[in-house]
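Here is how the chains run, residue by residue.
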2 protein chains.
Amino acid sequence: MSQAKKLDDPSSLLSNIDVFIFDCDGVIWRGDTLIPGVPSVLDQLRLAGKKIFFVTNNSTKSRVGYKSKFTSLGLDVHPEEIFSSSFAAAAYLEQTNFKQTGKKVYIIGEKGISEELDAIGISWLGGEADKAKQPDMGPGGRVEVDHNVGAVVVGFDRHINYYKLQYAQLCLNELPGCEFIATNLDRVTHLTDAQEWAGNGTMVGAVSGCTGREPTLVGKPAPLMIDYISKKYGITDRSRICMVGDRLDTDIAFGRNNGLKTCLTLSGVTSEDELMDRVPRKKGTEGIQPEFYVETINDFYPAPSDS
Amino acid sequence: MSQAKKLDDPSSLLSNIDVFIFDCDGVIWRGDTLIPGVPSVLDQLRLAGKKIFFVTNNSTKSRVGYKSKFTSLGLDVHPEEIFSSSFAAAAYLEQTNFKQTGKKVYIIGEKGISEELDAIGISWLGGEADKAKQPDMGPGGRVEVDHNVGAVVVGFDRHINYYKLQYAQLCLNELPGCEFIATNLDRVTHLTDAQEWAGNGTMVGAVSGCTGREPTLVGKPAPLMIDYISKKYGITDRSRICMVGDRLDTDIAFGRNNGLKTCLTLSGVTSEDELMDRVPRKKGTEGIQPEFYVETINDFYPAPSDS
């Protein structure tokens, strides 16, 4: 795969693209801070008739929760434009007619997942309700499992504990047909700006480690979200969709695996030195190249003095 | 590999074996209950001049802690006969001259590991002291890591939490040369007799999932413990060592990988139907066959009416 090029002709990119899919953290904001200039870029894209979606592997918020975050940062976005991995998990269960089985979901994860399951009327247990639970580990002690659990959904969970892991283990090892669904496999995440934090790869790895099972992945780089968007909005020519993100192993891999144009932004976790292989790549990002890269998405509409 | 045979000629086995290595849980005891007849079998083996060792993947106790457990069950065993995976982690660090680096160990796990590190004078942090810690995840929050950590040891930890996982993640991803050591990878363990419990595969999987790294394994089926025993006791002919255990994927694999005779006992997690492939094997045990199998180790000395 050839080296990524700096975007030097944004007007050509813009004329060849109808749909922009943006990752959020590192593209639109960093932690709780909006990246300067972003509202104006989004306004200009909309004015030019582009469709815009936001696709994030973060599962801790639902679409409605994300809408609140966008609003708090002064961005006017519709919930339908937001595809969080919490929504993706619900969409997967909907596509596979899970509700019709009458089964429940056990959640390792935060309220984004439970809110999305509530929104489509799927029963669930676990999640935030289990954050302080301890199993009875004395003689004869056991964790009682609801035998009607048909899927375990694992998303990022800062209150991961042994009770939840034992519950998931029992469901996946002992309940016939129980599905194992991961919102994402990100090794690290950005809970705060001060350092990298153990991501949902941690929680999924724990469940894989006691079951020997690999999950069905619904977040990036799996195709589920782009398939959903394409179908719902009738987008047939994927080469006219551009995925814009800061991560090679999720965003850019997602774009490349699914026939999209790809644009890396240096405003997040990937440095230009890393992209250009002047320093070693992070594990799992080796060989993944976007077609273009920008400093921030402001480069889509350079100021006249820059052009 | 040919089907396992039921041990029908114990005297021939006994005359060809100088050293017996026993797994503990499922072989000597089940949970907190001694398997009937075991003290007499061990006495007879000692009387016949056999060397006996106990090799367990359980890391929650140290050798000294195990000695107490043997004593409480009425078994007289020397600490030097006990090879727990907590000891194995310490032995690995000793073999690799870790102490001379002046570095510390971060522990995910219980007191077996910290006691073994204390016994050889290696500094450590984490473990039980971190069981109630929560990271500061507010704006600017971070987990401060001791930059002198040179290894993360991961053993079974019923108080696994996000603080410990984030600490381990930072050590392994950000401290150059930091080692990742796993006491064992057992998917499930037997905290209580009432059900199977998520084992140390859970904790190791979590750390692998946020680092992309595979650990150095010191417990079964890795060769470290048998190499240590062979060297320390000058045992050169491994075909005169018999590994006796209840698990195909740890005990029997450990024996077969290392040139030992192998004997499965049906007193633990493996049923005769599973061994004989009359029902599907558990994941990870496919194709692993012992040379012999017994109901319990009482079959080494059958009562006259049985012979």
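Residues numbered from 1 in each chain as written. Chains lettered and ligands numbered in written order. Predicted model: local features only at pLDDT ≥ 70, side-chain atom pairs only at ≥ 80, totals over all residues. Heavy atoms only, no water.

**Student:** An account of the nonpolar core is requested, with residue identities and associated values reported.
**Tutor:** Judged by nonpolar contacts, the single largest core of 58 residues is most densely connected at Ile108 of chain A together with Ile108 of chain B. If we ignore the near neighbours within four places in the chain, the residues touching Ile108 of chain B are Ile113, Val153, Val154, Gly155, Asp157, Ile160, Lys164, Leu165, Ala168, Met203 and Val207 of chain B. With 33 residues, the next largest nonpolar core counts Phe83, Ile120, Ile226 and Tyr228 of chain A among its residues. (Core = buried A, V, L, I, M, F, W, Y, C linked by side-chain atoms within 4.5 Å. Buried < 20%, exposed > 50% of the residue type's maximum accessible area, 1.4 Å probe, protein only. Contact = heavy atoms within 4.5 Å.)

**Student:** Pulling in residues and values, what's your account of the interface of chain B and chain A?
**Tutor:** As a measure of interface size, the accessible area lost when the parts come together is often cited. Facing the 42 residues of chain B at the interface are 42 residues of chain A. Across the chain B to chain A interface the summed buried area is about 3,200 Å²; carbon plus sulfur atoms make up 59%. Our count for the chain B to chain A interface comes out at 0 salt bridges. Connecting chain B to chain A are 16 residue pairs in polar contact (both at pLDDT 80 or more). Elements represented by at least two residues in the side of chain B that touches chain A include exactly helix H6 (162–174), strand S11 (188–192), strand S12 (195–198) and helix H7 (200–211) of chain B. In terms of residues, the side of chain B that touches chain A owes the most to one element, H7 of chain B, which gives 8 residues. In terms of residue class, the side of chain B that touches chain A is made up of 16 nonpolar, 18 polar and 8 charged. (Buried area = accessible area lost by both parts, 1.4 Å probe. Salt bridge = Lys/Arg side-chain N within 4 Å of Asp/Glu carboxyl O. Polar contact = N/O pair within 3.5 Å; in protein donor to acceptor, adjacent residues only side chain to side chain. Helix = DSSP H or I, 4+ residues; strand = E, 2+ residues; numbered from the N terminus. Nonpolar A, V, L, I, M, F, W, Y, C, P; charged D, E, K, R; others polar.)

**Student:** So what's going on with the relation of the copies chain B and chain A? Which residues, and what values?
**Tutor:** Of the two same-sequence chains, chain B is brought onto chain A (RMSD 0.0 Å, axial shift 0.0 Å) by a rotation of 180°. Both chain copies can therefore be described as sitting about a two-fold axis. Both copies share a contact surface, since 100% of the interface residues of chain B are interface residues in chain A too. (Least-squares fit on C-alpha atoms with pLDDT ≥ 70 in both.)

**Student:** Which residues make up the sheet that holds strand S13 (residues 216–217) of chain A, and what are the values?
**Tutor:** Strands sit in the order S8-S7-S9-S10-S13 (chain A) across an open sheet of 5 strands; the sheet is parallel. Single-partner strands in this sheet number two, and they are strand S8 (124–126) and S13 of chain A. (Pairing = 2+ DSSP bridges.)

**Student:** Explain the UniProt feature "binding site: substrate" (unreviewed entry) in chain A to me, using residue names and the numbers behind them.
**Tutor:** Residues and elements named next belong to chain A. According to UniProt, the "binding site: substrate" (unreviewed entry) feature falls on Lys220. Along the polypeptide, Lys220 turns up in the loop between S13 and helix H8 (224–233). Residue contacts for Lys220: discarding those within four places in its chain leaves Asp23, Val55, Thr56, Asn57, Met225, Met243, Thr250, Asp251 and Phe254. (UniProt positions renumbered as here; feature names shortened; annotations may be inferred.)

**Student:** An account of unusual backbone geometry is requested, with residue identities and associated values reported.
**Tutor:** Comment: phi is negative for the bulk of residues other than glycine, and the bulk of peptide bonds are trans. All names here are of chain A. Following Lys220, the chain continues to Pro221 via a peptide bond in cis, the omega torsion being 5°. With respect to the secondary-structure elements, Pro221 resides in the loop between S13 and H8. For Asn97, which is not a glycine, the phi torsion comes out positive at approximately 55°. Relative accessible area serves as the criterion here: at 42%, Asn97 is assigned to the partly exposed category.

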